[in-house]
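Structural overview for review
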Amino acid sequence: VDAFQAWCGPCKTVVGLFRKIRNEVGSDLLHFAVAEVDSIDALEKYRGKCKPVFLFYSGGELLAVVRGANAPLLQKTILEQL
């Protein structure tokens, strides 16, 4: 989940990375979503941040968090979580 605020917008720079990995591993295993933290109370702690935050969930549980658009770290985290 790309957690963002309306004034900052979702991180479009990593969409290509997610597409590439999703194509490699299959669409059944990896799902990408965006969430505006201003409108979701459960994500309140991510408000007021300028850099993007990526949340990795499985079975409804938060497994990992990556702060910033660090493509190598995002790719590593995605593959580890899969």
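Residues numbered from 1 in each chain as written. Predicted model: local features only at pLDDT ≥ 70, side-chain atom pairs only at ≥ 80, totals over all residues. Heavy atoms only, no water.

**So, the overall build of the chain**
Note the following rule: For the purposes of this entry, the term helix denotes a DSSP run of H or I that reaches at least four residues, the term strand denotes a run of E that reaches at least two, and both are numbered from the N terminus. The globule rule used here is 2.2 Å times the number of residues to the 0.38 power, and the radius of gyration it is set against is calculated over C-alpha atoms. Only protein chains enter the area calculation, which uses a 1.4 Å probe; residues under 20% of their type maximum are buried, those over 50% are exposed, and those in between are partly exposed. Residue contacts are defined here by distance: any two heavy atoms, one from each residue, within 4.5 Å place the two residues in contact. To measure how exposed things are, a 1.4 Å probe is used in the Shrake-Rupley method; for residues, cover is taken only from the protein chains shown.
Broken down by element type, the chain carries 2 helices and 4 strands. Helices and strands in the chain line up, N terminus first, as β-α-β-β-β-α. Computed over C-alpha atoms, the radius of gyration of the chain comes to 12 Å, within 12% of the 12 Å expected from 2.2 N^0.38 for 82 residues, which places it in the range of a compact globule. Overall, the C-alpha framework of the chain stretches about 35 × 25 × 20 Å when taken along its three principal axes. When burial is assessed residue by residue, the chain has 30% of its 82 residues classed as buried. Residue pairs at least 24 apart in sequence account for 50% of intrachain contacts in the chain once pairs closer than 6 positions are excluded. As displayed, the chain offers around 5,200 Å² of accessible surface, 52% of which is attributable to carbon and sulfur atoms.

**Quick look at the side chain of Thr77**
By the secondary structure assignment, Thr77 is in helix α2 (residues 71-81). Sequence-distant contacts of Thr77, defined by excluding residues within four places in its chain, comprise Phe56, Ala64 and Val66.

**Quick notes on the packing of aromatic side chains**
Quick reminder of the rule: Pairing of aromatic rings covers Phe, Tyr and Trp, the last counted by its six-membered ring, and requires centre-to-centre distances within 6.5 Å; plane angles under 30 degrees mean stacked, over 60 mean edge-to-face, and any other angle means tilted.
On inspection of all chains with the given rule, the structure shows 2 aromatic pairs. Both rings, one in Phe18 and one in Phe54, keep their centres 6.0 Å apart while their planes meet at 40 degrees; by these two values the pair is tilted. With Phe18 in helix α1 (residues 15-25) and Phe54 in strand β3 (residues 53-58), this residue pair connects regions lying 36 residues apart in the sequence. A residue is classified by how much of its surface remains accessible, and Phe18, at 7% relative accessible area, is buried. An aromatic cluster is defined as three or more aromatic residues linked by ring pairs; in this entry it consists of Phe18, Phe32 and Phe54.

**Considering a positive patch on the surface**
Where we set the bar: Exposure above 30% relative accessible area and no salt bridge define the residues that can form patches, which grow by joining like charges within 9 Å and nonpolar side chains of Val, Leu, Ile, Met, Phe, Trp and Tyr within 5 Å. Take a side-chain nitrogen of Lys or Arg and a carboxyl oxygen of Asp or Glu: if they are within 4 Å of each other, that pair is a salt bridge. Asp and Glu count as negative and Lys and Arg as positive, but His and the ends of the chain are not part of the count. Charge positions are represented by NZ for Lys, CZ for Arg, CG for Asp and CD for Glu.
There is a patch of like positive charges on the surface, built from Lys45, Lys49, Lys51 and Arg67. Residue classification places Lys45 among the exposed positions, given a relative accessible area of 60%.

**Thoughts on the nonpolar core**
Filter applied, for reference: We call a set of buried Ala, Val, Leu, Ile, Met, Phe, Trp, Tyr and Cys residues a nonpolar core when their side-chain atoms join them within 4.5 Å.
Within the largest apolar cluster, 12 residues are counted, these being Cys11, Val14, Leu17, Phe18, Ile21, Leu30, Phe54, Phe56, Ala64, Val66, Leu74 and Ile78. If you list the elements that add at least two residues to this core, you get α1, β3, β4 (61-67) and α2. Here this core takes 3 residues from α1, the largest share from any one element. Those residues in contact with Val66 that sit more than four places away from it in its chain are Pro52, Val53, Phe54, Phe56, Leu73, Leu74 and Thr77. Grouped together as the second largest cluster of nonpolar side chains are 7 residues, Ala3, Leu43, Val53 and Leu55 included.

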